[in-house]
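# Coordinates in review
Listed here are the chains, written in short residue letters.
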Amino acid sequence: MYDEILFPTDGSDAADAALEVATAVADAHDATLHVLYVADTNQPSLARIEGQVQDVLEGEGREIVDEAASRARNAGVETVDEVIQGGPSRTICDYVDDRGIDLVVMGTRGGRDIERIILGSVTERVVRNSASPVLVVPPQSDHQYPPDDVLVGTDGSDGSRAAVDEGIDIGAATGSRLHVISVLESSALGFDVRSEQVAEERRRRNEEVLAQARERANDSDVAVETAIEEGDVVDTLNGYVDDHGIDLVVVGTHGRTGIDRRLLGSVTENLMRSASVPVLSVRASQE
């Protein structure tokens, strides 16, 4: 299902952790791994060395790319490596479009210091704008690929239906067990949602969504478990990960419309910052 995988790197420890996952995914799917360093044109990079003007960032990038590509090749993965000048997030997204990339694998540091926020912003912009799924790997992730258990969070939106399809495809390709859950968050829509009638309608809608997911998984011979949970969406998903030994979370990047759309977008980004396992985001347009 993945033939061309992109791994953008800046040589950081976070990117180093993501490289291990990117290499494992490429190996599992017999894919080509593209190792990319973007020499950020927003930063000063020219220096005079031994009388010649050289681009320091490009030179550093070549060293970083060569090392990462060498590690992937030593693992038996076919690898392409490039250093390109440009703005990081736009260059990454353009590379996805131009090279027919099926999956982007990126690291993220999380946390609050300036360096971490900058890297996070690049990752989040790629998640929002990439035409292909983006797999975000948390620091010090030790979860395996192929995964044994994959969790998909769904709200019935176009984005989450695409996420369910992606989870099913992963399950069919790797033999993973699929968990599909829908979270009822009573605070999301204000006071009215507390009414028994509205709550019952939401539960009925979620049961229909899960029934559809079960049918699609069964049609692909993928083992599936479904559940309706209550609580904060991010906390509930992270709790489910811990309680059920989940190795990978798959979510859509957008919800339905209005407040649901904003909420699911924030869910995806908050999961990327807080999850202990890799998070794969999928755009609705991929359906």
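Residues numbered from 1 in each chain as written. Predicted model: local features only at pLDDT ≥ 70, side-chain atom pairs only at ≥ 80, totals over all residues. Heavy atoms only, no water.

### Considerations on the overall build of the protein
Applied cut-off: Counting from the N terminus, the helices are the DSSP runs of H or I reaching at least four residues and the strands are the DSSP runs of E reaching at least two. In this analysis, two residues are considered to be in contact whenever any of their non-hydrogen atoms come within 4.5 Å of each other. All accessible areas in this document rest on Shrake-Rupley with a 1.4 Å probe, and a residue is counted as covered only by the protein chains that are shown.
When helices and strands are counted, the protein shows 8 helices and 12 strands. For the protein, long-range pairs separated by at least 24 residues make up 77% of all intrachain contacts whose partners lie at least 6 apart in sequence. Carbon together with sulfur atoms contributes 42% to the accessible area of the protein, which is approximately 13800 Å² in total.

### Looking at the confidence of the model for the protein
Under the convention used in this document: For every residue, the predictor states its confidence as a pLDDT score lying anywhere from 0 to 100.
On average, residues of the protein carry a pLDDT of 84, and 82% of them reach 70 or more. Across the protein, the secondary-structure element scoring lowest on mean pLDDT is strand S3 (residues 46-49), at 41, and the one scoring highest is strand S1 (residues 4-8), at 98. Across residues 110-119, where pLDDT falls below 50, the model places 12 contacts with residues more than four positions away in sequence or in other chains. Here residues 255-264 is a poorly scored stretch, pLDDT under 50, and it has 19 contacts once near neighbours within four places are set aside; other chains count.

### Considering the pairing of strand S9 (residues 177-184)
Taken residue by residue, a regular strand's side chains alternate between the two faces of the sheet. Condition: Only protein chains enter the accessibility calculation, which uses a 1.4 Å probe. A residue is then buried if its area is under 20% of the maximum for its type, exposed if over 50%, and partly exposed in between. A pair of strands counts as paired when DSSP detects no fewer than two bridges linking them.
Among the 8 residues of S9, 7 are classified as buried, and the element is accordingly described as predominantly covered. Sheet topology note: the strand S8 (residues 149-153)/S9 ladder contains 5 bridges and is parallel. Bridge assignment links aspartate 149 to a residue of S9, and that residue is arginine 177. As judged from the 7 bridges shared by S9 and strand S10 (residues 224-230), these two strands associate in the parallel manner. Within S10, the residue paired with histidine 179 across the bridge is glutamate 225.

### Description of the nonpolar core
Soluble globular proteins tend to bury their nonpolar side chains together. The condition that has to hold: Here the nonpolar core consists of buried residues drawn from Ala, Val, Leu, Ile, Met, Phe, Trp, Tyr and Cys, with membership extended through side-chain atoms lying within 4.5 Å.
Ranked by internal contacts, the top residues of the largest apolar core, which has 43 residues, are Ile5, Phe7, Leu33, Leu135 and Leu280. The dominant element in this core, judged by the number of residues it contributes, is helix H1 (residues 13-28), at 7 residues. Among all residues touching isoleucine 5, those that are not within four sequence positions of it are Val25, Ala26, Ala31, Thr32, Leu33, His34, Ile101, Leu103 and Val105.

### Quick word on the pairing of strand S7 (residues 134-137)
Of the two faces of S7, the one carrying Val134 and Val136 and the one carrying Leu135 and Val137 are both buried. As defined by bridge partners, strand S6 (residues 103-107) adjoins S7 across 4 bridges and the pair is classed as parallel. Among the inter-strand pairings, glycine 107 is bridged to a residue of S7, identified as valine 137. Relative to strand S12 (residues 279-282), S7 runs antiparallel, the two sharing 3 bridges. Bridging across to S12, valine 134 finds its partner in serine 281.

### Let's talk about the environment of arginine 99
For clarity, the cut-off: The definition of a polar contact used here is a pair of N or O atoms within 3.5 Å, where within protein one atom must be able to donate a hydrogen and the other to accept one, and adjacent residues in sequence count solely through side-chain atom pairs.
Among the secondary structure elements, arginine 99 is positioned in helix H3 (residues 88-99). For arginine 99, a relative accessible area of 36% gives the class partly exposed. Residues contacting arginine 99, with those up to four places away along its chain left out, are Glu4 and Glu82. There is a polar contact of 2.3 Å between the side chain of arginine 99 and the side chain of glutamate 82.

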